[in-house]
Amino acid sequence: MKSILQLIILLPLFLFSQKEIKGLVMEQNSNNERVPLLGANVFWLNTTLGTMTADDGTFTVPYDTSYKKLVISYIGFRTDTLLIETPKSIFHVLKASDDLGEVTVSVRKKSSATSFLSSQNITTISSKELLKAACCNLSESFETNPSIDVNFTDAISGTKQIRMLGLTSPYILITTENIPSIRGASQAYGLSFVPGTWVESIQITKGAGSVINGFESIAGQINAELVKPTTDNKIFINAYGSLNGRTELNTHFNTQLSDKLSTGLYIHADNRSQKFDRNNDSFLDMPLANQINIMNRWQYVNLQKGLISFLNVRYLNDEKQAGQLSFDPKTDRLSTSVWGSEIDTKRFEISGKFGYVNPDIPYRSLGIQVAYSAHDQDSYFGTNQYDINHKSMYSNMVYNTIISDSRHKIKTGLNATYDRYNELVNSQVYNRNERSVGGFFEYSFDNLDALNLTAGVRIDHHNLLGTFFTPRLHARYTPWEKSAFRVSFGRGKRAANIFTENQKLFATSRQINVQSSGGTIYGLDPEIAWNYGVSFLQGFNLFGRKADLTLDFYGTNFENQVVVDYENPYEVSFYNLEGASYANSFQAEFSWNLMDYLDLKTAYKFYDVKTQYASGKLEKPLTSQHRYFANLSYEAHSEKGEGVWKFDATFNWLGKQRFSSTEISPQAYQLPMYSPSISTLNLQVTKVFSEAFEIYLGAENITNVTQKSPILSSENPFGPNFDTTFVYGPIFGSTFYTGLRYKLN
Amino acid sequence: MKTILLTITLLFVGTLTYGQNKNAKASVEVDGVCMMCKKRIEKASFKTKGVKSAVWNVDTHELKLFFDENKTSVAQIEANLAAAGHDTKSFVASDKAYEALHPCCKYREAAVIEDHK
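A quick note: this is a predicted structure, and the numbers were derived from the prediction, not measured. (Residues numbered from 1 in each chain as written. Chains lettered and ligands numbered in written order. Predicted model: local features only at pLDDT ≥ 70, side-chain atom pairs only at ≥ 80, totals over all residues.)

Here we come to the overall build of chain B. When helices and strands are tallied, chain B shows five helices and three strands. Going from the N terminus to the C terminus, chain B shows its helices and strands as α-β-α-β-β-α-α-α. Buried residues in chain B amount to 36% of all 117 residues. Summarising the internal contacts of chain B: among those between residues at least 6 apart in sequence, 53% fall at separations of at least 24. (Helix = DSSP H or I, 4+ residues; strand = E, 2+ residues; numbered from the N terminus. Buried ≥ 20, exposed ≤ 12 C-beta atoms within 10 Å, placed from the backbone. Contact = placed C-beta atoms within 7 Å.)

As structure tokens, then:
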């Protein structure tokens, strides 16, 4: 019995043993030694005949003259196919597939890119793009990106405001690492409180956005990822100096305390103490400023257990002084002879993140975020006083899992927020507490090919906004190669912080007129808007070079809005919308790799932003209908990144912008209906000396375009026509800056 | 004979007890060359009912699988991959399935492999 069984088992061997091939498979290990590889697959292509190598790396496979291609493979190694002409013994060495030592990666990644795959219309700005404009904080980071407009808000504070889809920043959800951060009291100046060197990358999502981070976003979402202790340089130093009197110093120190725990200390300081009045209107062209900003991050990573955790502590102190040249805050505070302004801000923040991914089931994860901030601003503008204190708590818990398989993902969770506002507007006190709890559910489907979509809904209970649903939908379809067609729609709801969002009104002689309707926020109703959009992206080759064309159309319709009405030059009024208010935007963006290392990005934008004011349906003031943007960047190539030159030029053209009505002002203080169009050009050159050291030199507004008299009635700042809000272009004119970056790893 | 029967029974018992894992993990080597292959391999994996997650690495050729052992097996998944035109350790795609692949994905040809390096 036994012998028969043995015979049956061995029979095939005997049959084929007349023709067989013997061989040896080895691997080249990291020490460049060759060692026998056990368990490698050896089989004839297009057959089921094969074997595995033994302990000593040897193998024997049957052979027939019809077999030509012998495949040798092993996980983690490059599969090789050998052409066998004659039956001889084989010796083969497999190479590890991650052994890319000899391969030079010559494809340059674009510094900003719109995703072809995501259901949302997301543009990612990498840290490389952020270096294109060396200066200086988050609000200036967008100057080389056409999706976001950066405008001056007024002629006093030097603050820049961003806009997206024709809407100002309060309608954009701005998060740092997905925790809402620039909101409430930090809305006006918050972007300038995030130093540029702290930012690792920025994601810009056009349209309603995800339901996970809350119900407030209307035009879109901007998320800034900050540098992390484990991936940032061990030491980083950046010094900057500009002829406009601004100096800056950024230092990063990162250390690894154990294999799981790392920490980083990031310090930013900037200062401007030189007074400039180039346009001779007796007012400073830019405020004097002083900022110290410190952040400490802790990062805990335990990959075996699937744990990732962050703890952030941050403190900021910012002081600005603006107004007339001769103003001395010690003696002239709130005086009626010399006009001056001071804005002092202190902010403390602590936030924690905790993430758990089950190492055995990686598609299930849990994330928890908790944040607390205390923001305190004391300020006065001439004789107007404005103080705001805002304490905020935010907590969010997200659970990720799949339904049936990973093409169907769900995210669900809860969040709770608490906001406490104490404001002083001249002698009037406004106190407000906001509490909300909400739950959300988001489903995303990806067929791994042409279609994916994300549909989310959340329900929130808010003590002032009531109980409400927030639906949002994003979908992407790829009809043919290198294309993406997207649609989105969603609802947003928010409480307008009328004073802090419109702080420029304090630097005028206008009367503040809040037309209460008995609503819950300053007597006004919450703002509600629907946003919808379609977008098309096509990648193609133009004269053999990569090019992308993006066409975006987005519309926002307000169901209710708190209208900010500047149409009477002696007043600024706030009232609930009666009638229509909408913002439609169209953007055509074209980027093209002109030559090796030379990239062009150009965009045209059209905005139609109109609101029903008490005096009629009008275009939103200081928003140009037509805009044109172009950026040309060149980066020379070298093997080790040494001795490289980088050049960058950014051109912006803005069409005419409507001034709010000055019809009833005396002749001398009347403005035309529209501002002239303007164009600006910025240049920057960077010389990389080594991986550790580089120097940059730049020119802002090199053609010296300025708005001649940005302040109305500057000769009589306490008169009834004093106004600093009619700003459509640069005030300072051209300026040059230089700086250095030093990295040590 | 009794022992044989017992062994066979025990073998089945073993399979059943271990077969309960709803989130079984497996790693399979699948031949392919590009991102199009990746799409095809992952889609083919999901064709098998019970597969929860499938991620293929274009460099290592490793397909990481999570699946419900009650519903399917590695062999079943591999068979479906071979049907889609991709060779695995234990299954080789038929010529017909292989020929149906996009020209850029012909992973058995040296020239195509060279192109993707």
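There is more to say, and it comes next.
Here we come to the overall build of chain A. Helix and strand counts for chain A stand at four helices and 43 strands. Based on the C-alpha atoms only, the size of chain A along its principal axes is roughly 115 × 55 × 50 Å. Here chain A holds 745 residues, and the buried ones make up 42% of them. Of the contacts formed within chain A by residues at least 6 apart in sequence, a portion of 61% connects residues at least 24 apart.

We now examine the sheet that holds strand β6 (residues 69-73) of chain A. Residues and elements named next belong to chain A. Pairing within the open sheet is antiparallel, and its four strands lie in the order β4-β3-β6-β7. Looking at which strands have only one partner, the edges of the open sheet turn out to be β4 (50-52) and β7 (80-83). Across the sheet, the mean angle separating the axes of adjacent strands is 20° when strand polarity is ignored. Relative to β6, strand β3 (residues 41-44) is paired through four bridges, and the arrangement is antiparallel. By the bridge assignment for β6, W44 is matched with L70. (Pairing = 2+ DSSP bridges. Axes fitted to C-alpha atoms, helices over the stretch in contact; angles between N-to-C directions.)

Here the focus is the confidence of the model for chain A. Residues and elements named next belong to chain A. On average, residues of chain A carry a pLDDT of 88, and 93% of them reach 70 or more. Overall, residues 7-18 carries pLDDT values under 50, and its contacts beyond four positions in sequence, including any with other chains, amount to one contact. Every residue in residues 98-109 scores below 50 in pLDDT, and together they form three contacts with partners more than four places removed in sequence or on other chains. (pLDDT = per-residue confidence, 0-100.)

A few words on the sheet that holds strand β31 (residues 511-514) of chain A. By definition, the strands of a sheet pair up through backbone hydrogen bonds, in either a parallel or an antiparallel sense. Residues and elements named next belong to chain A. Taken in spatial order, the three strands make up an open sheet running β31-β35-β34, and their pairing is mixed. This sheet does not close on itself; its edge strands, each paired only once, are β31 and β34 (562-565). Direction aside, neighbouring strands of the sheet carry axes that sit 15° apart on average. As paired elements, β31 and strand β35 (residues 571-576) share four bridges and run parallel to each other. Along β35, the bridge assignment pairs V514 with F574.

All right, on to the interface of chain B and chain A then. The partner chain A presents 22 residues to the 23 residues of chain B that form the contact. Of all the secondary structure elements, the ones that give two or more residues to the side of chain B that touches chain A are β1 (24-29), α2 (35-47), β2 (51-56) and β3 (62-67) of chain B. Per element, the largest residue contribution to the side of chain B that touches chain A is four residues, and it comes from α2 of chain B. Across the side of chain B that touches chain A, the residue classes tally to five nonpolar, five polar and 13 charged. (Nonpolar A, V, L, I, M, F, W, Y, C, P; charged D, E, K, R; others polar.)

Quick look at unusual backbone geometry now. Residue and element names in this part refer to chain A. At K482, a position not held by glycine, the phi torsion is positive, near 55°. Locating K482 in the fold gives a position in the loop between β29 (466-477) and β30 (483-494). Residue classification places K482 among the partly exposed positions, given that 13 C-beta atoms sit within 10 Å. Of note in this structure, Y597 is not a glycine but carries a positive phi near 70°. Of note, Y597 is situated in the loop between β36 (581-595) and β37 (598-613).

Once that is clear, we can look at α2 of chain B. Taking 1.5 Å of rise per residue, the 13 residues of α2 of chain B would be expected to cover 18 Å, and the 18 Å separating its terminal C-alpha atoms lies within 8% of that figure. All of the buried residues along α2 of chain B are C37, K38, R40, I41, E42, A44, S45 and F46 of chain B. (Expected span 1.5 Å × (residues − 1).)

Residues of helix α3 (residues 74-83) of chain B that are buried: I77, E78, N80, L81 and A82 of chain B. Just past α3 of chain B, the residue G85 of chain B takes up positive phi, approximately 105°.

Let us now look at the nonpolar core. All names here are of chain A. Core analysis: the biggest nonpolar cluster contains 42 residues, and A496, I498, L524, V562, V563, V564 and F574 have the highest contact counts within it. Residue assignment for this core shows that the elements contributing at least two residues are β24 (365-381), β25 (384-403), α4 (498-501), β34 and β35. Contacts of L524, omitting those with residues within four sequence positions, involve A496, S516, S517, G519, V562, F574 and N576. Grouped together as the second largest cluster of nonpolar side chains are 38 residues, F142, I162, I174 and Y266 included. (Core = buried A, V, L, I, M, F, W, Y, C linked by C-beta atoms within 7 Å.)

Residue and element names in this part refer to chain A. Counting through the fold element by element, I678 comes out in strand β41 (residues 678-688). Accessibility expressed as a C-beta count within 10 Å gives 20 for I678, which makes it buried. Distance in space between the C-alpha atoms of I678 and D460 is 44 Å, their sequence separation being 218 residues. Discounting chain neighbours no more than four positions away, the residues touching I678 are L654, V705, Y728 and G729.

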